[in-house]
Amino acid sequence: MECTVRWTGLSGMTFLAETGSGHVVAMDGAPEGGGRNLAPRPMEVVLLGTGGCTAYDVVVILRKSGQDVRGCEVTLKSERAETDPKVFTKVHFHFTVTGRNLKANVVERAIKLSHDKYCSASIMMEKTAEITHSFEIVDDAVTAPAAA
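Rules of the game
- Residues numbered from 1 in each chain as written.
- Predicted model: local features only at pLDDT ≥ 70, side-chain atom pairs only at ≥ 80, totals over all residues.
- Heavy atoms only, no water.
- Helix = DSSP H or I, 4+ residues; strand = E, 2+ residues; numbered from the N terminus.
- Buried < 20%, exposed > 50% of the residue type's maximum accessible area, 1.4 Å probe, protein only.
- Polar contact = N/O pair within 3.5 Å; in protein donor to acceptor, adjacent residues only side chain to side chain.
- Contact = heavy atoms within 4.5 Å.
- Salt bridge = Lys/Arg side-chain N within 4 Å of Asp/Glu carboxyl O.
- 1 Å grid on protein atoms, 1.4 Å probe; cavity = no way out; pocket = protein on both sides within 12 Å on 5 of 7 lines; lining within 4 Å.
- Points joined across faces, edges and corners; volume = space filled by probe spheres on them.
- Nonpolar A, V, L, I, M, F, W, Y, C, P; charged D, E, K, R; others polar.
- Core = buried A, V, L, I, M, F, W, Y, C linked by side-chain atoms within 4.5 Å.
- Pairing = 2+ DSSP bridges.
- Axes fitted to C-alpha atoms, helices over the stretch in contact; angles between N-to-C directions.

A. Spotlight on the side chain of T96. Within the secondary structure, T96 is located in strand β5 (residues 88-100). What makes T96 buried here is its relative accessible area of 19%. Side chain to side chain, T96 and E136 meet in a polar contact 3.3 Å long. When near neighbours in sequence (up to four residues on either side) are disregarded, T96 contacts G71, C72, E73, E136 and V138.

B. Examining the pattern of salt bridges more closely. Counted under the stated rule, the structure contains 3 salt bridges. One salt bridge connects R70 with D68, and the closest N-O pair in it is separated by 2.7 Å. Residue R70 is classed as partly exposed on the basis of its relative accessible area, which comes to 45%. Note that R100 is salt-bridged to D140, the shortest N-O span being 3.5 Å. Highlighted residues: R100 in strand β5 and D140 in the segment after β6 (130-139), separated in sequence by 40 residues. Judged by relative accessible area, which is 26%, R100 ranks as partly exposed. Taking relative accessible area as the criterion, D140 reaches 26% and is therefore assigned partly exposed.

C. Spotlight on the layout of surface pockets. If you add up the space inside the largest pocket, you get close to 410 Å³. Lining the largest pocket are 14 residues, with V46, G49, T50, A121 and M124 sitting closest to its centre. With 7 residues, helix α1 (residues 42-64) is the largest single contributor of residues to the lining of the largest pocket. Roughly 280 Å³ of internal volume is contained in the second largest pocket. Contributing to the lining of the second largest pocket are M1, E2, C3, V5, A17, T19, G20, S21, V25, M27 and V45. Looking at the lining of the second largest pocket, the elements that each hand over two or more residues are β1 (3-7), β2 (15-19) and β3 (24-27). Classifying every residue of the lining of the second largest pocket gives 7 nonpolar, 3 polar and 1 charged.

D. Quick look at the nonpolar core. Grouped together as the largest cluster of nonpolar side chains are 21 residues, with contacts concentrated most on L62, V91, F93, F95, V97 and M125. Those elements giving two or more residues to this core turn out to be α1, β4 (68-80), β5 and α2 (104-118). Setting aside residues no more than four positions away along its own chain, M125 makes contact with V46, L47, T50, F88, V91 and I131.

E. Representation of the sheet that holds β2 in the model. Taken in spatial order, the 3 strands of this open sheet run β1-β2-β3, and their pairing is antiparallel. Across the chains shown, the open sheet's two edge strands, defined by having one partner strand only, are β1 and β3. Strand after strand, the sheet turns through a mean of 20 degrees between neighbouring axes, direction not considered. Two elements, β1 and β2, share 5 bridges in a ladder whose sense is antiparallel. The partner of V5 across the bridge, within β2, is A17.

So, in structure tokens, the structure goes:
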């Protein structure tokens, strides 16, 4: 895996990253650091990448477990060290998993497997941060329309 990150020029702190798979991601700094607030901060990208990594795992695991999963959202709330390097020190992952007749123990197992075995990003983050999880299940079972 590789990527190229390029500073866009002298007028700010915007960077464009091109991934090895050919996608482009913009990043920028806060105005107090010379940025123009045009894109997420690099550490926000780290956090959102971790959320994407674990949500992906959870959906795959639930599908393989025969669950009728229809949606998966994870909200990450983090704290960072006050001094450099300002690593993540705490990250809480709250999953909202939507589907039909989802089993809580299977959802809980999927989250645990992601964080203990499959999600490279959260496993790396765990080296500096206390990681916690919670989840809720939303059953979106649709009742059949009444016959006319």
